[in-house]
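What follows is each chain in one-letter form.
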Amino acid sequence: KNQVEQSPQSLIILEGKNCTLQCNYTVSPFSNLRWYKQDTGRGPVSLTIMTFSENTKSNGRYTATLDADTKQSSLHITASQLSDSASYICVVSDITAGNKLTFGGGTRVLVKP
Amino acid sequence: EADIYQTPRYLVIGTGKKITLECSQTMGHDKMYWYQQDPGMELHLIHYSYGVNSTEKGDLSSESTVSRIRTEHFPLTLESARPSHTSQYLCASSENTGELFFGEGSRLTVL
């Protein structure tokens, strides 16, 4: 069964600090990997999308990296802001299953002033 | 900003009631999805549709049903709600790239 594992489950950081979230997956081959941000009580919003040939993708203070050899992705948040408090979800698309999406459990980030 | 809308945002009903959660998108996407998410937990696919008159069950078994009579509309219905149906229901649509555009969700509480 394809899996997407995220770590840590939760994270508390001080405003202005950086943090890195991890995503390990077993889906292979995959067509793309996405990171979504989900504010409490809201629907997820796409942050980055990467294909297997891309190593890094940035969206403002969010930078995602991908290592297809080790099947790992990370999401780095730079100079965190209070509005970064949310869950961050890693989603991998399985190219052999009609691009079926496998969701990670998410990392809950809390930014404190 | 995604043009996908869900109503109601919040619903509290008694056991045995029939409810319909509405989902509409104005992006012309063929693919639409319903996910169920308990607080602090991951999303689980319960229904999807790849076009008009096409509906399939997702990975998580659900007593709800869906219909896709129009491209832009993908309502979810529970014929007889139970407390175990209490959850957040998220509707999404996608284009060919596979990127999901989510609605704001419908939080259902069954007493």
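Quick note: structure is the one above.
Here the structure is a predicted model, which is why all the values come from computation and not from measurement. What you see as residue numbers is a count from 1 along each chain, following the sequence as written. To label them, take the chains in the order written and letter them from A, then take the ligands in the order written and number them from 1. Local features in this predicted model are restricted to residues of pLDDT 70 or higher, and side-chain atom pairs are both shown and tallied only at a pLDDT of 80 or more, whereas totals for entire chains, interfaces and linings draw on every residue. With hydrogens and water stripped out, all remaining heavy atoms of the structure feed into the side-chain values.

The next point concerns the overall build of chain A. In this description a helix means any DSSP run of H or I spanning at least four residues, a strand means any run of E spanning at least two, and both kinds are numbered starting from the N terminus. Broken down by element type, chain A carries 0 helices and 11 strands. Put simply, chain A runs from its N terminus to its C terminus through helices and strands in the order β-β-β-β-β-β-β-β-β-β-β. Taking 2.2 N^0.38 as the reference for a compact globule, 113 residues should give roughly 13 Å; the C-alpha atoms of chain A span a radius of gyration of 13 Å, in line with that estimate. With the C-alpha coordinates aligned to their principal axes, the bounding extent of chain A is approximately 45 × 25 × 20 Å. The classification of residues rests on relative accessible area computed with a 1.4 Å probe and restricted to protein chains. Under 20% of the type maximum is buried, over 50% is exposed, and intermediate values are partly exposed. Counting every position in chain A, which comprises 113 residues, the buried fraction comes to 43%. The criterion used for residue contact is that any of the two residues' heavy atoms lie within 4.5 Å. In chain A, 56% of the contacts between residues at least 6 apart in sequence involve partners at least 24 apart. Computation of the radius of gyration draws on C-alpha atoms, with the globule rule given as 2.2 Å multiplied by the number of residues to the power 0.38.

This brings us to the layout of surface pockets. The pocket and cavity definitions rest on a 1 Å grid over protein atoms only: a 1.4 Å probe that fits but cannot leave marks a cavity, an open set with protein on both sides within 12 Å along at least five of seven lines marks a pocket, and residues lining either have an atom within 4 Å of a point. Grid points are joined across faces, edges and corners, and a volume is the space filled by probe spheres set on the points. In this model, the largest pocket occupies a volume close to 580 Å³. Lining the largest pocket are 25 residues; nearest its centre among them are Val4(A), Thr102(A), Phe103(A), Glu42(B) and His44(B). When residues of the lining of the largest pocket are traced back to their parent elements, those giving at least two are β1 (4-7) and β10 (100-103) of chain A together with β5 (44-51) of chain B. Per-element accounting of the lining of the largest pocket gives the leading share, 4 residues, to β10(A). Each residue belonging to the lining of the largest pocket can be placed in one class, and the counts come to 8 nonpolar, 10 polar and 7 charged. Residues were grouped as follows: Ala, Val, Leu, Ile, Met, Phe, Trp, Tyr, Cys and Pro as nonpolar; Asp, Glu, Lys and Arg as charged; and all remaining residues, including Gly, as polar.

Turning next to the interface of chain B and chain A. The interface of chain B with chain A comprises 18 residues on the first partner and 18 residues on the second. Reported buried area values correspond to the accessible surface (1.4 Å probe) lost by two parts on association, with both partners' losses combined. Approximately 1,400 Å² of surface area, both sides summed, lies buried where chain B meets chain A, with 46% of it carried by carbon and sulfur atoms. A carboxyl oxygen of Asp or Glu within 4 Å of a side-chain nitrogen of Lys or Arg is what we treat as a salt bridge. Applying the counting rule to chain B against chain A returns 1 salt bridge. Ionic pairing is found between Glu104(B) and Arg42(A), a salt bridge with its closest N-O pair at 2.7 Å. Polar contact is the term for a pair of N or O atoms within 3.5 Å; when the atoms are in protein, one must be able to donate a hydrogen and the other to accept it, and sequence-neighboring residues count only if both atoms are side-chain atoms. Run the count over chain B and chain A and you get 6 residue pairs in polar contact (both at pLDDT 80 or more). Residues of the side of chain B that touches chain A, tallied by class, amount to 6 nonpolar, 6 polar and 6 charged.

Attention shifts here to the sheet that holds strand β3 (residues 19-25) of chain B. Residues and elements named next belong to chain B. DSSP calls a pair of strands paired once it identifies at least 2 bridges connecting them. Strand order across the open sheet formed by 4 strands is β1-β3-β8-β7, with antiparallel pairing between neighbours. The outermost strands of the open sheet, each flanked by one partner alone, are β1 (4-7) and β7 (65-66). Note: β1 against β3, 4 bridges, orientation antiparallel. Directly across from Tyr 5, in β3, lies its bridge partner Ser 24.

Our next topic: the pattern of salt bridges. One pass over the structure, following the stated rule, counts 7 salt bridges over all chains. Its salt-bridge partner being Lys57(A), residue Glu54(A) comes within 3.4 Å of it at the nearest N-O pair. Relative accessible area serves as the criterion here: at 27%, Lys57(A) is assigned to the partly exposed category. Note that Lys18(B) is salt-bridged to Glu79(B), the shortest N-O span being 3.9 Å.

Attention now goes to unusual backbone geometry. A negative phi holds for most residues other than glycine; trans holds for most peptide bonds. Pro8(A) follows Ser7(A) through a cis peptide bond whose omega is -10°. The topology assignment puts Pro8(A) in the loop between β1 and β2 (10-14). A positive phi angle, near 50°, is found at Ala79(A), a position not held by glycine. Tracing the backbone shows Ala79(A) in the loop between β8 (72-77) and β9 (86-94). Owing to a relative accessible area of 33%, Ala79(A) belongs among the partly exposed residues under this scheme. Of note, the phi angle at Asn53(B) is positive, near 65°, even though the residue is not glycine. The topology assignment puts Asn53(B) in the loop between β5 and β6 (54-57). Using a relative accessible area of 69% as the deciding quantity, one classes Asn53(B) as exposed.

Let us look at the sheet that holds β8(A). All names here are of chain A. Across the sheet, which stays open at both edges, the 5 strands sit in the order β1-β3-β8-β7-β6 with antiparallel pairing between neighbours. Unpaired on one side and paired on the other, β1 and β6 (56-59) mark the two borders of the sheet. Neighbour to neighbour, the strand axes of the sheet diverge by 15° on average, direction disregarded. Here 6 bridges tie strand β7 (residues 62-67) to β8, and the two strands are oriented antiparallel to one another. In this description, a line fitted to the C-alpha atoms serves as the axis of each element, helices being fitted only across the stretch in contact, and the angle between N-to-C directions of two axes falls anywhere from 0 to 180 degrees.

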